[in-house]
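# A look at the structure
Spelled out from the first residue to the last, the chains are:
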Amino acid sequence: MFFYLSFIRPPPTKAPVNNTLLITPQIANDLRTESCTTDHELFYDWVRVEDGADIQTRAAVHARRASAKKPTMTKLTTWKAANAYKEVPVPLPPSVREGQKYKLVLAAVPIGPVGPNASAPANTLPPSTGRILLDDERLGRWHPLSVSSMPVLFTYQSRGAPKQEEIERTYEFRITGSDAEASASANLTLEEISTQLKGLQLEVPKDCAPGKSRDVRLVIREQTSFDLDKKIWDSGIGMSAWLVQWLNRRFPAPRAAQKGNVAVGEAATRLKDILNSPDAINVLELGAGVGIVALVLAALRSRLADADDKILTTDLESALPLLNHTIEFNASAISPRISVKTGVLDWDESLAEQLPEQDSFDLVVMADVAYNHDSFSSLVKILSGLQTMDPAKKPCFVLGYKERDAAERTLWELTEAVGIKFVQIGSVPGHAAGDAPVEIWVAQS
């Protein structure tokens, strides 16, 4: 699991230019139901916003990443679980003037032990710049995931301004070139692939093809309400990070089968072939939430010059306004040849009626769709329908899963009964003081 910085009391939409601003920060799990038990030093920064764009982020992304190891933020307070509801005054931006807008960025550094037998490595945890690096093998291991408020308008006419109802998180990752193979990874066996897939161990080869590598920056918006479809969940982040780091390592096809690892190797190979295919692919996402998985996939596929994909990301109708905003806001991170569309897909209704122009999908992705036992029959029905859309072209199913209840694992029995057998090919450990990791499962019908 991961821990997330957020707000119990967020900043207001407007604030006076001559007073402090009060917030109540929070460090909790994805559903905000469990507070982190580890104390943290909280740091803050104000980011100037003009015409909807962060002024400080106009420079190249790699330049920002290069400065990430420097303590560029200012200490705000020490967050303690025992005082989780304590209000904290935040100094205003230096020389703030009437009519200016700023975002408040919070990041955290742990104090002392972070787990039963673990502590943060010394001298490796400077205050961050508020970005979440999906290509970092230590993602969320020590730090709660950083957060940014929406813009605060500083004005003398701020009386009665409502509190903000949304937050943002900034995700960045580097995509390595798709052509060059890491010589050290050549001729891996299925057993070796199975072992290396079990954790996030970033190994970016030094021989990336010129012009192929690039940096990606995504800004994902969430709501501060408890609506489940309007906030990021652990499996969305874990699955996205795993895909980024796995593709950066560029595993080749296995040279030999090893007993007990054939299913894992075959599933990994098929998924890799799809994600590296030079041909156009059709992708469907179920339970998209705020859309991070679809956007990461689109960015990863954008490294291929000829990719001409169609990605359909779906959820409940209530999720679409925020999902549409996220897709539109991050369009510049995706190749114009790749189409990312949103839609409502009712798992209890006919696929043919809801997707009349769709013949088949190459890839079906889903993160954190197994938390509700009551939806299992509907989910299995939709998966069964997807695998029979085109008998000659059955999709590859990829599931990001974090156990919240052991009974959820009955889902695997139900899918196998309709000919869809999942195998685990990876995992993401998450926070050192957390519990269940994010598991990556792939099924071939």
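Predicted, not measured: the structure shown is a model, and the values here were computed from it. (Residues numbered from 1 in each chain as written. Predicted model: local features only at pLDDT ≥ 70, side-chain atom pairs only at ≥ 80, totals over all residues. Heavy atoms only, no water.)

Bringing the overall build of the protein chain into the picture now. Per the secondary structure count, the protein chain includes nine helices and 22 strands. Burial status across the protein chain gives 53% buried among its 445 residues. Put simply, of all contacts in the protein chain between residues at least 6 apart along the chain, 83% involve residues at least 24 apart. With the model as given, the accessible surface of the protein chain reaches about 19100 Å², and the carbon-plus-sulfur share is 50%. (Helix = DSSP H or I, 4+ residues; strand = E, 2+ residues; numbered from the N terminus. Buried < 20%, exposed > 50% of the residue type's maximum accessible area, 1.4 Å probe, protein only. Contact = heavy atoms within 4.5 Å. Areas by Shrake-Rupley, 256 points an atom, 1.4 Å probe, with all protein chains shown as cover.)

If you trace the three strands from one edge of the open sheet to the other, you get S1-S3-S7, paired in antiparallel fashion. With partners counted over all chains shown, the strands left at the sheet margins are strand S1 (4-9) and strand S7 (88-90), one partner each. The sheet shows a mean angle of 50 degrees between the axes of neighbouring strands, direction not considered. Sheet topology places S1 next to strand S3 (residues 21-28); five bridges connect them, and they run antiparallel. Among the inter-strand pairings, Arg9 is bridged to a residue of S3, identified as Thr24. (Pairing = 2+ DSSP bridges. Axes fitted to C-alpha atoms, helices over the stretch in contact; angles between N-to-C directions.)

Position of Arg221 among the secondary structure elements: in strand S15 (residues 214-223). In this structure the side chain of Arg221 is engaged in a polar contact, spanning 3.1 Å, whose partner is the side chain of Glu168. Excluding residues that lie within four positions of it along the chain, Arg221 makes contacts with Met150, Glu166, Ile167, Glu168, Val290, Leu322, His325 and Thr326. (Polar contact = N/O pair within 3.5 Å; in protein donor to acceptor, adjacent residues only side chain to side chain.)

We now examine the pattern of salt bridges. According to the stated counting rule, one finds 22 salt bridges in the structure shown. Here Arg217 ties to Glu172 by a salt bridge, and the two come within 3.9 Å at their closest N and O atoms. Separated by 45 residues along the polypeptide, Arg217 in strand S15 and Glu172 in strand S14 (residues 166-175) bring together distant segments of the chain. On the basis of relative accessibility, which here comes to 24%, the residue Arg217 falls in the partly exposed class. Judged by its relative accessible area of 0%, Glu172 is buried. A salt bridge links Lys230 to Asp227, with the nearest nitrogen and oxygen atoms 3.7 Å apart. Classification of Asp227 as partly exposed rests on a relative accessible area of 35%. Within the structure, one salt-bridge network assembled from shared partners comprises Lys103, Glu166, Glu168 and Arg221. (Salt bridge = Lys/Arg side-chain N within 4 Å of Asp/Glu carboxyl O.)

It is at 10 Å that the axes of helix H8 (residues 376-387) and helix H9 (residues 410-417) come closest, and there the two elements cross at 35 degrees. Seen along the crossing, H8 lies across H9 with a hand that is right-handed. In this structure, H8 uses Phe376, Leu379, Val380 and Leu383 to contact H9, whose residues at the interface are Thr410, Leu411, Leu414 and Thr415. Counted by class, the contact of H8 with H9 contains six nonpolar, two polar and no charged residues. (Left-handed = near helix turned anticlockwise from the far one by under 90°. Nonpolar A, V, L, I, M, F, W, Y, C, P; charged D, E, K, R; others polar.)

Of all residues in the protein chain, 81% attain a pLDDT of 70 or more, and the chain-wide mean is 83. Long-range and interchain partners of residues 57-65, a stretch whose pLDDT sits below 50, account for 20 contacts in this model, where long-range means more than four residues apart. Scored below 50 in pLDDT, residues 178-187 makes 21 contacts in the model with residues more than four places away or belonging to other chains. (pLDDT = per-residue confidence, 0-100.)

In this structure, Phe173, Ile237, Leu271, Leu363, Val398 and Ile425 are the most contacted members of the largest nonpolar core, which totals 59 residues. Broken down by element, this core gets its largest block of residues, nine residues, from helix H5 (residues 292-301). (Core = buried A, V, L, I, M, F, W, Y, C linked by side-chain atoms within 4.5 Å.)

One non-glycine residue, Arg32, adopts positive backbone phi at about 65 degrees. Of note, Arg32 is situated in the loop between S3 and strand S4 (40-50). Non-glycine residue Asp368 carries a positive phi angle of around 55 degrees. With respect to the helices, strands and loops of the structure, Asp368 is situated in the loop between strand S19 (363-367) and H8.

Moving on to the packing of aromatic side chains. Geometry of an aromatic ring pair is reported as the spacing of the ring centres plus the angle between the planes. Enumeration according to the criterion identifies seven aromatic pairs in this entry. Ring centres of Trp46 and Tyr102 lie 6.3 Å apart, and the angle between their planes is 85 degrees; on these two criteria the pair is classed as edge-to-face. Separated by 56 residues along the polypeptide, Trp46 in strand S4 and Tyr102 in strand S8 (residues 101-110) bring together distant segments of the chain. On the basis of relative accessible area, Trp46 is assigned to the buried category, the value being 6%. For Tyr102, a relative accessible area of 10% puts it in the buried group. (Phe/Tyr/Trp six-rings, centres within 6.5 Å; stacked < 30°, edge-to-face > 60°.)

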